[in-house]
Amino acid sequence: MTGAENRLCDVALDCAFKTRDARVEREQALAIIDLLESNSFTPIGHDGGPYRLKIETVDGRLALHVTDDNGSHVVSHYLSLTPFRRLLKDYTRICETYYDAVRRLGPEWLEAIDMGRRGIHNEAAELIRERLSTKVEIDKDTARRLFTLIHALLARNAQHRFLSS
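Every value quoted in this text rests on a predicted model; they were computed, and no experiment measured them. (Residues numbered from 1 in each chain as written. Predicted model: local features only at pLDDT ≥ 70, side-chain atom pairs only at ≥ 80, totals over all residues. Heavy atoms only, no water.)

Observations regarding the packing of helix H2 (residues 85-104) against helix H3 (residues 107-132)
Phase 1: Relative to each other, H2 and H3 sit at 160°, their axes nearing to 10 Å. Classed by the angle they form, the pair H2 and H3 counts as roughly antiparallel. Judged by the twist between their axes, the crossing of H2 over H3 is left-handed. Contact residues: H2 offers Arg-86, Leu-87, Asp-90, Tyr-91, Ile-94, Thr-97, Tyr-98, Ala-101 and Val-102, while H3 offers Leu-110, Ile-113, Gly-116, Arg-117, Ile-120, His-121, Glu-123, Ala-124 and Leu-127.
Phase 2: Within the contact of H2 with H3, the residues separate by chemical class into eleven nonpolar, three polar and four charged. (Axes fitted to C-alpha atoms, helices over the stretch in contact; angles between N-to-C directions. Helix = DSSP H or I, 4+ residues; strand = E, 2+ residues; numbered from the N terminus. Parallel < 35°, antiparallel > 145°, perpendicular 65-115°, else oblique. Left-handed = near helix turned anticlockwise from the far one by under 90°. Contact = heavy atoms within 4.5 Å. Nonpolar A, V, L, I, M, F, W, Y, C, P; charged D, E, K, R; others polar.)

Thoughts on unusual backbone geometry
Phase 1: Residue Pro-50 follows Gly-49 across a cis peptide bond; omega there is 5°.
Phase 2: Residue placement: Pro-50 occurs in the loop between strand E2 (41-43) and strand E3 (51-58).
Phase 3: Positive phi, close to 50°, is recorded for Asp-59, a residue that is not glycine.
Phase 4: With respect to the secondary-structure elements, Asp-59 resides in the loop between E3 and strand E4 (61-68).
Phase 5: Take Asp-59: its relative accessible area is 76%, and that puts it in the exposed class. (Buried < 20%, exposed > 50% of the residue type's maximum accessible area, 1.4 Å probe, protein only.)

Things to note about the packing of aromatic side chains
Phase 1: In the structure shown here, the tally under the stated rule is three aromatic pairs.
Phase 2: Ring centres of Tyr-91 and Phe-147 lie 5.2 Å apart, and the angle between their planes is 80°; this geometry places the pair in the edge-to-face category. Of this pair, Tyr-91 sits in helix H2 while Phe-147 is found in helix H4 (residues 140-155), placing the two residues 56 residues apart along the sequence.
Phase 3: Residue classification places Tyr-91 among the buried positions, given a relative accessible area of 2%.
Phase 4: For the pair Tyr-98 and Tyr-99, a centre-to-centre distance of 6.2 Å together with 70° between the ring planes defines the contact as edge-to-face. (Phe/Tyr/Trp six-rings, centres within 6.5 Å; stacked < 30°, edge-to-face > 60°.)

See the structure below:
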């Protein structure tokens, strides 16, 4: 199988939530562009690709639906959000701190805050890779971008209990 087959060619988020935030929308758009530009995504036991991914929440869980390029179902995987709770809250807080710092503080603060954000991102990426390991094999950068998209999806719903203080 070639590398072109072990990748995502399309990513979609459930957009049923009505709350919109320009920062979240921008973060989501950039993550999708980056993800489609470079990713490693291989459903276990499947020998075709590229793949399409739809991410949504279903009954308080994260649902990842994978189809092949023609739309044929490959796998669906449901993840509890509980293991991600602390990381999602920390990431939300650090993003808010960063946006506030852009307006008020100097570049040295932004660098320190960004280092903290990257640390949370790395930890979340490892958790995603671990949680998906029985269904999908992904690399660290793909996992990081998926975490950004999961955060964006949940941030659309301002009432989501995992992102609330």
